[in-house]
Amino acid sequence: MFSIFYNFKTIPFEKSIKKDHLFKSDGIKEFNSRMEYMKQSRGIILLTGPSGVGKTTAIRAFIEGLKTEFYRTAYIPLASVSVSDFYYQLNHLLGGEHYRVKSVLFASIQKLILDYATIKKQIPIIIFDEIHFLRNDNLFELQMLLNFNLDSLDPAIVVLSGHSHMREKFIRPTLSSINQRLRVKYEFLPLSNEETFLYIQHHLNLAGGSSKIFNDNAINAIYNLSSGIIRVINTIATKALIQGASTKQEVITEEIIYSISSEL
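The structure presented is a predicted model; accordingly, all values stated were derived computationally and were not measured.

(A) A look at the overall build of the protein chain. Of the regular secondary structure elements, the protein chain holds 12 helices and five strands. Over its C-alpha atoms, taken along the principal directions, the protein chain stretches across nearly 65 × 40 × 30 Å. A burial count over the protein chain gives 46% of its 264 residues as buried. Pairs at least 24 apart in sequence give 73% of the contacts found in the protein chain among residues at least 6 apart. When the accessible surface of the protein chain is summed, it comes to about 13,300 Å², and 52% of that surface belongs to carbon and sulfur atoms. Across the protein chain, the mean location of the 29 positive side-chain charges is 6 Å away from that of the 25 negative side-chain charges.

In structure tokens form, the structure reads like this:
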């Protein structure tokens, strides 16, 4: 096991990292700033970025930092569903009863959102992940669901998270009405070369290992192969550690990185 060879106390580059241990990249800082604004203004935020860039991790950390007595979170990762399943899923996650009729579900969802915001004093945060799979019909339904008091009230925060091309999709004429209702748009970018260095050192330190296990050329190679995508960085670094331990290499070099690149 590479953790023994490199004297790690925990396994580095795990995706189940705690909020307080998250690497504070510029992207994370900007995301948190925008979410603080959303907590005050409410409405819809569109969060986009390449696959594996850290959108879901950032959302999870944000949720973990909320005081549950003030917020009610509904996380919806299954976006590719019919309109009826869309309503049923959202109503269920908000704690509604098991209705099946669309008109009843519509009324139930709106009542639940308003009750949380005005009676229970818990702001609903509804998160739709992987929205590049979300059907246009469901986007239209979401727009109607969020129409409160003749479209004069925003009682909830809605996070729409998906791939970068969704920014272009929302400006098409068919989705222009919901695009106009997006309070904030934020594009999550990959890590820079410098941030990749800091990210790898951060995770090595968290695991209790030496920050010098990867030499500079190895980290440059990781950046070149990953383009700063966090999920790919994690995969390459983990495979390199396994390879390094198996060949008893105390320092990971660029040769090791490129030797495992064919497995990606």
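(B) Up close: the side chain of T48. Following the sequence through the fold, T48 ends up in strand β1 (residues 43–48). Within the structure, T48 has its side chain in polar contact with the side chain of E187 (distance 2.4 Å). Setting aside its immediate chain neighbours within four residues, T48 contacts K55, G162, H163, S164, M166, R167, Y186, E187 and F188.

(C) Here's a closer look at helix α3 (residues 55–64). Buried residues of α3: K55, A58, I59, A61 and F62, and no others. Down the axis of α3, the buried set is contained in an arc of 160°. They therefore lie on one face. Residues of α3 that are buried sit in contact with α2 (26–41), β1, β3 (123–128) and β4 (157–162).

(D) Spatial organisation of the pattern of salt bridges. Applying the stated rule across the entire model yields seven salt bridges. A salt bridge links D115 to K111; the shortest N-O distance between them is 2.7 Å. Within this pair, D115 and its partner K111 are both found in helix α5 (residues 102–119), separated by four residues, close to a single helical turn. Ionic pairing is found between R183 and D154, a salt bridge with its closest N-O pair at 2.7 Å. Within this pair, whereas R183 is found in strand β5 (residues 182–187), its partner D154 is found in the loop between α6 (136–145) and β4, the two being separated by 29 residues in sequence. Using a relative accessible area of 30% as the deciding quantity, one classes D154 as partly exposed.

(E) The arrangement of the environment of F8 in detail. Secondary-structure assignment places F8 in the loop between α1 (2–5) and α2. The exposure class assigned to F8 is buried, which follows from its relative accessible area of 9%. As for F8 and K169, which are separated by 161 residues in sequence, their C-alpha atoms are 45 Å apart. Setting aside residues no more than four positions away along its own chain, F8 makes contact with F2, S3, L204, A207, G209, I213 and L241.

(F) Structural detail: the packing of helix α4 (residues 83–93) against α5. Between α4 and α5, the least distance of the axes is 9 Å, while the angle of their chain directions is 35°. The element α4 and its partner α5 pack so that their crossing is left-handed. On the side of α4, the interface is formed by V83, S84, Y87, Y88, L90 and N91, while α5 contributes K102, L105, F106, S108, I109 and L112.

So, how was this worked out
- Residues numbered from 1 in each chain as written.
- Predicted model: local features only at pLDDT ≥ 70, side-chain atom pairs only at ≥ 80, totals over all residues.
- Heavy atoms only, no water.
- Helix = DSSP H or I, 4+ residues; strand = E, 2+ residues; numbered from the N terminus.
- Buried < 20%, exposed > 50% of the residue type's maximum accessible area, 1.4 Å probe, protein only.
- Contact = heavy atoms within 4.5 Å.
- Areas by Shrake-Rupley, 256 points an atom, 1.4 Å probe, with all protein chains shown as cover.
- Lys, Arg positive; Asp, Glu negative; His and termini not counted.
- Charge placed at Lys NZ, Arg CZ, Asp CG, Glu CD.
- Polar contact = N/O pair within 3.5 Å; in protein donor to acceptor, adjacent residues only side chain to side chain.
- Arc of directions from axis to C-beta.
- Salt bridge = Lys/Arg side-chain N within 4 Å of Asp/Glu carboxyl O.
- Axes fitted to C-alpha atoms, helices over the stretch in contact; angles between N-to-C directions.
- Left-handed = near helix turned anticlockwise from the far one by under 90°.

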